[in-house]
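Examination of the molecular architecture
Chain by chain, the residues:
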Amino acid sequence: MRAGEVLPEAPQPNVRLLTGEDSPQAASNAAGRIKGVIADMQGGLVPGAHVTAICKETPGDHQTIADAQGFFSMADLPAGTYSITISAPGLQTYVLQDIHLKVGENYALPEILLPLARTSADVEVIATQEQLAEAELDAELKQRVLGILPNFYTSYQWDAAPLNARQKFKLTMRAGSDPVFFATTGIIAGIEHINNTFPDYGDGAPGYWRRYGAAYGDAVIGRTLGAVVFASLFHQDPRYFVMTNGPIPKRAWHAVSSTFIQRGDNLRWQPGYAHLLGNAVTGVIASTYHPDKGMGELVLDNTVLGLGGQAVNNLIREFILRHLAKNIPSYANGKPPED
């Protein structure tokens, strides 16, 4: 298989109102934070928006006001499942449900866009976990290195909402139909043609286009199997999650180990079944149209070279692309720094 600003947490009003007394249990768990940026549908920041967080497991609510840059942050939150209500004059009320905050977690919400209110009546816009994932995915599909090369499979949002099967398919199809992907495949086929790789494909234009079709098939089949089929079957996320923060050795280990482990849709790390099987099965299928290589050789090549290439790609994502990529959302800052 061929592999293919941050807004400062400035001082701001942060009011915590409780309808009841804090329990000792709540106090012991009060270590989390929820933050985000609020804008309108035209992209203008919304200062002074009122934000309320309600935890299902503990009594009372937590409130704060967005600062002049539309940024808000609520600290000392108990772990639990939250609903977040955001309101501002002249804009529709926005509610995010089922935000799962773990102990000590620094949870960054995707950029929140408030539509204009159509009437004077109270209107609520409900955002589900699937809608959060859709918003984050749409932002990732705008990421390009130097404004040109796609950087779609990279997430700078450490606790990004998990993708469902449809969204994994959307990500893969968008990557496989990008003009840069076609051009890259053409370069690979050209190099193979010049070096007479796979001589059974022949010479001249027919030989080139056979190599092009094989190279494109390897990449698309591999991505479809690894990032959609097996990722959906094993409930694993095909994206690479950039740490950004922390010691260099720890970040390097994260990049390399992410070749062999994957984040599950439950946000826990698991053995990378989707990556491994995607590479291996692609080798089996590729043996049907690579005439001069056996199945065993292709399976071994795809698995070893595919995983090795992915490890190198992850290191580049972790240490280089952040400085070159465009259109990374302001809320996407990698793994929160450890205390």
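Predicted model only: the values in this text are computed from it and were never measured.

So, about the overall build of the protein. A tally of regular secondary structure across the protein gives eight helices and 16 strands. For the protein, with 339 residues in total, the buried portion stands at 47%. By element, 62% of the accessible surface of the protein is carried by carbon and sulfur atoms, the whole surface being about 16100 Å².

The next thing to look at is helix 5 (residues 204–233). Because the α-helix completes a turn every 3.6 residues, residues three or four places apart line up on one side. An ideal rise of 1.5 Å per residue puts 44 Å on 30 residues; helix 5 measures up with 42 Å between its terminal C-alpha atoms. A bend of about 35° at Leu225 is the largest found in helix 5. Taken from the residues just after helix 5, His235 is the one with a positive phi, measuring 55°.

Our next topic: the packing of aromatic side chains. In the structure shown here, the tally under the stated rule is nine aromatic pairs. Seen in terms of ring centroids, Phe198 and Tyr201 are 5.7 Å apart; in terms of plane orientation they differ by 65°. Their pairing is edge-to-face. Taken individually, Phe198 and Tyr201 each receive the classification buried, so the pair is uniform in this respect. Ring geometry for Tyr208 versus Tyr212: centroids 6.4 Å apart, planes at 45°, classification tilted. Pair noted here: Tyr208 and Tyr212 are both in helix 5, with a separation of four residues, about one helical turn. Taking relative accessible area as the criterion, Tyr212 reaches 15% and is therefore assigned buried.

Glancing now at the sheet that holds strand 16 (residues 325–326). The strand order across the open sheet formed by three strands is 11-10-16, and the pairing between neighbours is antiparallel. Looking at strand neighbours, the two that pair on one side only are strand 11 (149–150) and strand 16, the edges of this open sheet. Here strand 10 (residues 144–145) runs beside strand 11; their pairing, made up of two bridges, is antiparallel. Residue Arg144 lies in a different strand from strand 11, and its bridge partner there is Pro150.

Another aspect to go through is the pattern of salt bridges. Going through the model one piece at a time under the given rule, you end up with 11 salt bridges. A salt bridge links Asp178 to Arg144; the nearest nitrogen and oxygen atoms lie 2.5 Å apart. Here Arg144 lies in strand 10 and Asp178 lies in the loop between helix 3 (165–176) and helix 4 (179–194), a separation of 34 residues in the sequence. In terms of burial, Asp178 and Arg144 fall into one category: buried. Residues Glu318 and Arg251 are paired through a salt bridge, measuring 2.8 Å at the closest nitrogen-oxygen approach. Taken as a pair, Glu318 in helix 8 (residues 295–324) and Arg251 in helix 6 (residues 248–257) lie far apart in primary sequence, 67 residues in all. Take Glu318: its relative accessible area is 1%, and that puts it in the buried class. Using a relative accessible area of 12% as the deciding quantity, one classes Arg251 as buried.

Let us now look at the nonpolar core. Across soluble globular proteins, you tend to see nonpolar side chains buried next to one another. Counting 35 residues, the largest nonpolar core has Ile34, Phe72 and Ile86 as its most contacted members. Taken together, the elements giving at least two residues each to this core come down to strand 1 (32–40), strand 2 (50–55), strand 4 (71–77), strand 5 (80–87), strand 6 (93–101), strand 8 (112–114), helix 2 (129–140) and helix 3. At four residues, strand 6 tops the list of elements feeding residues into this core. In this structure Ile34 touches Phe72, Ser73, Met74, Leu77, Tyr82, Ile84, Ile99, Leu101, Tyr107 and Leu109, once residues within four positions along its chain are discounted. Among the nonpolar cores identified, the runner-up in size contains nine residues, and Val145, Tyr156, Tyr240 and Ala332 belong to it.

Attention shifts here to the packing of helix 3 against helix 5. Packing of helix 3 against helix 5 leaves a shortest axis separation of 9 Å and a crossing angle of 165°. Between helix 3 and helix 5, the crossing angle belongs to the class labelled roughly antiparallel. Pair helix 3 / helix 5 crosses with right-handed handedness. Together, Ala165, Lys168, Phe169, Thr172, Met173, Ala175 and Gly176 of helix 3 and Tyr216, Arg223, Thr224, Ala227, Val228, Ala231 and Ser232 of helix 5 make up the contact between the two elements.

Here the protein averages 85 in pLDDT, and 87% of its residues register 70 or above. Taken together, the stretch residues 1–29 has pLDDT below 50 and engages in 61 contacts with residues farther than four places along the chain or on a different chain.

The buried count for strand 4 comes to five of seven residues, which makes it a mostly enclosed element. By the bridge criterion, five bridges tie strand 1 to strand 4 in an arrangement that is antiparallel. Pairing of Lys35 across the sheet is with Ser73, part of strand 4.

Attention shifts here to helix 6. Buried within helix 6 are the following residues: Arg251, His254, Ala255 and Ser257. Where the residues of helix 6 are buried, they touch strand 13 (240–241), strand 14 (261–263), strand 15 (269–271) and helix 8.

Here we take up the environment of Asn327. Within the secondary structure layout, Asn327 lies in the segment after strand 16. Sequence-wise, Asn327 and Leu141 are 186 residues apart; in three dimensions their C-alpha atoms are separated by 9.3 Å. The contact partners of Asn327, leaving out residues within four places of it in the chain, are Ala139, Lys142 and Gln143. At 3.0 Å, the side chain of Asn327 forms a polar contact with the backbone oxygen of Lys142.

What counts and how
Residues numbered from 1 in each chain as written. Predicted model: local features only at pLDDT ≥ 70, side-chain atom pairs only at ≥ 80, totals over all residues. Heavy atoms only, no water. Helix = DSSP H or I, 4+ residues; strand = E, 2+ residues; numbered from the N terminus. Buried < 20%, exposed > 50% of the residue type's maximum accessible area, 1.4 Å probe, protein only. Areas by Shrake-Rupley, 256 points an atom, 1.4 Å probe, with all protein chains shown as cover. Expected span 1.5 Å × (residues − 1). Bend = angle between axes of the 7 residues up to and from the residue. Phe/Tyr/Trp six-rings, centres within 6.5 Å; stacked < 30°, edge-to-face > 60°. Pairing = 2+ DSSP bridges. Salt bridge = Lys/Arg side-chain N within 4 Å of Asp/Glu carboxyl O. Core = buried A, V, L, I, M, F, W, Y, C linked by side-chain atoms within 4.5 Å. Contact = heavy atoms within 4.5 Å. Axes fitted to C-alpha atoms, helices over the stretch in contact; angles between N-to-C directions. Parallel < 35°, antiparallel > 145°, perpendicular 65-115°, else oblique. Left-handed = near helix turned anticlockwise from the far one by under 90°. pLDDT = per-residue confidence, 0-100. Polar contact = N/O pair within 3.5 Å; in protein donor to acceptor, adjacent residues only side chain to side chain.

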